[in-house]
Structure formats: structure tokens, C-alpha cells
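Given next are the chains, with one letter for each unit.
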Amino acid sequence: MTTTGTLYIDKKSPIHSLDGSIKLLMLLVWTAVAFLFTDIRVFLGLILGGAYIIRMANITFKEVKPLVIFLLIFTLFNSLFLILITPAYGSELIDQYTPIFNILGRPLTYETLWFAIMLSLKYLSILPITIIFIFTTHPSRFASSLNKIGVSYKIAYAVNIALRYIPDVRDEFVNIMHAQEARGVAFRKGEDSLINRFKNYNTILIPLVLSSLNRVEVVSNAMNLRGFGSEKTRSWYNGKKYGKFDFLAVALLLVGAVAGILINKFYLSGFWYPF
């Protein structure tokens, strides 16, 4: 099966053999369970569990490094904004105030710092299962899986194209950046100040949007010429039936979801602060 123009990493593993719809269900259940809690212990458990699943899928850090770095930066900025805007939010949740120093005239507390760490780990606990979904699910198989569980084939095909388009957008971004650098626009450290380098990314945005719209029009015209959408149903070249691993994964997901709800209701409800 071709992987050209996709983020899919073709390897032999039990995770790769799972149906795309099962991996989507896994992502949804994992995310829902993570958002049930505000407890660092749960998120550390999810991160360790996710790391084990990534190891089962034979995915190396080098292969997913750009996505990991992007999400780490996003999480860091999110926590910094939380601390700057609401430096006493964590204290309000548990009615306990232990100030560290003032930020913009308001005290930052240890409780808020702990809350920011907890929030960062919550987002990072979803990262392993996101990596599994993106890098072990072939877009064409995923589209056929969606259609198999009742999603319209037009929507399934739109999802397929969106997943395939991510690497194209990335490559186009790099090409436009290189073209702008050839014109003397600074993007790298040491060429200009940090603020000016951020502003220079505006010179990439408009060409990237116009290029994307042009590509969408080309794909749309090609699909119309091939009569896409003229029939109520369609067949899939990469479709496959559910296997024993799929049913086992669904059973484990159901157990995990029920266990998460019960633990949240009876044991680990609310914001956990150990100090």
C-alpha cells in the first residue's frame, strides 16, 4: 500500500493491524477519560500506558519528533498564559493560598503552579494516543472504516483527503519559507530579533492559503470529472473486515471507560493537591 503524501508509517505490529475506526474510538475514549480527571497521578499513568502502546507499534521518537516538539511548545505556552492571566486560579479551586511572588500585581501561588503542571500533563497524556492514530492509520483504510460504521462516503473521503493533505501543507510551508529567505526575509536565529522573525511568518501565510485553495480546486475538479458523488454508495479498494484484535481492543476500551468513570466517581474526583 502506498504511503506517499501521508503521515502513515508502514510497519508490522498489532497496533497497525487494528481497524481505523477502532483507533478513532480509542482516541475518543482515551481523551474523554483524560478530561474526566484533574489528578496528576492519572495522567502519569496514561502517559506511561501510551508510551507502552507506542513501543508496541514500533514507532521511534525520531519519526514523531516534529509533532512532539510542536505539542510540547503549545503546552508550555498554554501553561504560561494560564499563570499570567489567572495566577491564583489553583488556590481558588482548593481554597488554599501559598504565594510565591507577584505577577502583574497579583500573587502567583504554589497551588496554581501545580494546577498548570497538572493541565500540561493532561494535554500530554493525549499525545501518545494521538501519535498512534496519526502514524499507524492509513488514510484510505480509515476512510473505508468510517464508511463501514455508517458515515457517509463523501464525509469519509473528505477526512481521507484532509489527512493526506497535512504533509502537503507542511512541504508547501517549507518551500514558501525558502523562497522568502531567498528574498532576504529573516526566519532563523541571529538574522533578526525574535519579534521581527515572528512577524515575518505573515509573509508565508497568504501564499500558503492561496496555494491551498488552488490545490483544493484542482482536486475538486478532478473528482467531479470522475463522477464522484453521483452514486449513493461506493466500494473501497483498501477495505477490510474486523479481526480478533479489533474485538479485543473494543473490549479493553469498554473496560477502560467504565473503570475511568467509576474511579472518577468514587476515588479520584476533584483537583488533587498533595501539599
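For the structure itself, look to the data block above.
As the structure is a prediction and not an experimental result, all values here were calculated from the model. (Residues numbered from 1 in each chain as written. Predicted model: local features only at pLDDT ≥ 70, side-chain atom pairs only at ≥ 80, totals over all residues. Heavy atoms only, no water.)

> Would you take a moment to explain the overall build of the chain for this structure?
From N to C terminus, the chain includes 11 helices and two strands. When the helices and strands of the chain are listed from N to C terminus, the series reads α-α-α-α-α-β-β-α-α-α-α-α-α. In terms of its C-alpha atoms, the chain occupies a principal-axis envelope of roughly 65 × 55 × 35 Å. Taking all 275 residues of the chain together, 36% fall into the buried category. In the chain, 74% of the contacts between residues at least 6 apart in sequence involve partners at least 24 apart. (Helix = DSSP H or I, 4+ residues; strand = E, 2+ residues; numbered from the N terminus. Buried < 20%, exposed > 50% of the residue type's maximum accessible area, 1.4 Å probe, protein only. Contact = heavy atoms within 4.5 Å.)

> Got a minute to help me understand helix H7 (residues 139–148) in this structure?
Because an α-helix packs 3.6 residues into every turn, residues spaced three or four apart end up facing the same way. The buried fraction of H7 amounts to seven of the 10 residues, a majority that puts the element mostly inside the structure. Those residues of H7 not exposed but buried are Pro139, Ser140, Phe142, Ala143, Ser144, Ser145 and Leu146. Packed against the buried residues of H7 are helix H2 (20–36), helix H6 (110–136) and helix H8 (153–182). Immediately downstream of H7, the backbone of Gly150 shows phi near 110°, a positive value.

> Please explain the packing of helix H3 (residues 40–56) against H6 as it appears in this structure.
Their axes nearest at 8 Å, the elements H3 and H6 cross at an angle of 20°. Taken as axis vectors, H3 and H6 run roughly parallel relative to one another. Of the two elements, H3 crosses H6, and the hand of that crossing is left-handed. Contacts between H3 and H6 involve Ile40, Phe43, Leu44, Leu46, Ile47, Gly50, Ala51, Ile53 and Ile54 on the former and, on the latter, Trp114, Ile117, Met118, Leu121, Lys122, Leu124, Ser125, Pro128, Ile131 and Ile132. Of the residues that constitute the contact of H3 with H6, the class distribution is 16 nonpolar, two polar and one charged. (Axes fitted to C-alpha atoms, helices over the stretch in contact; angles between N-to-C directions. Parallel < 35°, antiparallel > 145°, perpendicular 65-115°, else oblique. Left-handed = near helix turned anticlockwise from the far one by under 90°. Nonpolar A, V, L, I, M, F, W, Y, C, P; charged D, E, K, R; others polar.)

> Just to check I follow, could you spell out the environment of Lys241 for this structure?
Here Lys241 lies in the loop between helix H10 (202–225) and helix H11 (244–266). On the basis of relative accessible area, Lys241 is assigned to the exposed category, the value being 75%. Residues Lys241 and Asp19 lie 222 residues apart in sequence; the distance between their C-alpha atoms is 8.2 Å. Ignoring anything within four residues of it in the chain, the contact list for Lys241 reads Lys148 and Asp246.

> Just to check I follow, could you spell out the pattern of salt bridges for this structure?
It is possible for side chains of opposite charge to pair when their charged atoms get near one another. This model, assessed by the stated rule, comprises five salt bridges. Between Arg170 and Asp171 there is a salt bridge whose closest N-O contact spans 3.5 Å. A salt bridge links Glu181 to Arg188, with the shortest nitrogen-to-oxygen separation between them at 2.9 Å. Residue Glu181 is classed as partly exposed on the basis of its relative accessible area of 21%. (Salt bridge = Lys/Arg side-chain N within 4 Å of Asp/Glu carboxyl O.)

Keep in mind that these numbers describe shape and distance, not what the molecule does.
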